[in-house]
Amino acid sequence: MLKVFADRGGTFTDIVAVTNNQTIIDRLLRHPERFLIVSLPNQQWIIVYKLVSENPEQYQDAAIQGIRDIMGISSNEPIPTEAIEVVKMGTTVATNALLERKGDIASFFSLLKVLKMHYELATKTVLTSLLVISFYQPCFMSR
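Calculation criteria
Residues numbered from 1 in each chain as written. Predicted model: local features only at pLDDT ≥ 70, side-chain atom pairs only at ≥ 80, totals over all residues. Heavy atoms only, no water. Helix = DSSP H or I, 4+ residues; strand = E, 2+ residues; numbered from the N terminus. Buried < 20%, exposed > 50% of the residue type's maximum accessible area, 1.4 Å probe, protein only. Areas by Shrake-Rupley, 256 points an atom, 1.4 Å probe, with all protein chains shown as cover. Pairing = 2+ DSSP bridges. Axes fitted to C-alpha atoms, helices over the stretch in contact; angles between N-to-C directions. Polar contact = N/O pair within 3.5 Å; in protein donor to acceptor, adjacent residues only side chain to side chain. Contact = heavy atoms within 4.5 Å.

Trainee: So what exactly am I meant to see when it comes to the overall build of the protein chain here?
Mentor: Each helix and strand in the protein chain was counted, giving four helices and five strands. Its helices and strands taken in sequence order, the protein chain reads β-β-α-β-β-α-β-α-α from the N to the C terminus. Looking at the protein chain as a whole, 23% of its 143 residues are labelled buried. A total of about 10400 Å² of accessible surface is found on the protein chain, and carbon and sulfur atoms cover 61% of it.

See the structure below:
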């Protein structure tokens, strides 16, 4: 099983993956100049990989290419999604544009909209958790 976490930046896309697949690790260990492998307990490994974010001559999307490179899949083969447990993606592109005061106003407002949605979701999650805890607390206290 493979868990993939990608951070797409303006220059590079960094990928950290966790796997228990010995075949993947054996293949990647032949390329220490490209992949950093760290072993974990219970036959798991962390893979660290860095790609150029924009490289249209080689690939359309750096995160997808990173998954392909880690799994050893060519660009014309489908990615076997059943072998991937989770993919999480983040980006610093919008944050950097905001901090550096670059980009257009539409990008800025799009970022604000996304941040607002995340804030509202987090608030609802916290409030729901507090309600559940307060509802069930007497049950736990009566023991």
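Trainee: What's the story with the sheet that holds strand E4 (residues 44-52) in this structure? I'm lost.
Mentor: One open sheet accounts for five strands, arranged E3-E4-E2-E1-E5; its pairing is mixed. In this open sheet, the two strands that pair with only one neighbour each are strand E3 (35-40) and strand E5 (84-91). Sheet twist, expressed as the average angle between the axes of neighbouring strands with direction ignored, equals 15 degrees. Pairing of strand E2 (residues 12-19) with E4, which is carried by eight bridges, proceeds in the antiparallel orientation. Residue pairing in the sheet places Ala-17 in a bridge with Ile-47 of E4.

Trainee: How should I be thinking about the side chain of Thr-13 in this particular structure?
Mentor: Tracing the chain through its elements places Thr-13 in strand E2. With relative accessibility at 0%, the residue Thr-13 sits in the buried group. A polar contact of 2.9 Å, which involves the side chain of Thr-13, links it to the side chain of Ser-53. Beyond its immediate stretch of four places on either side in the chain, Thr-13 contacts Asp-7, Arg-8, Tyr-49, Lys-50, Leu-51, Ser-53, Ala-62 and Ala-63.

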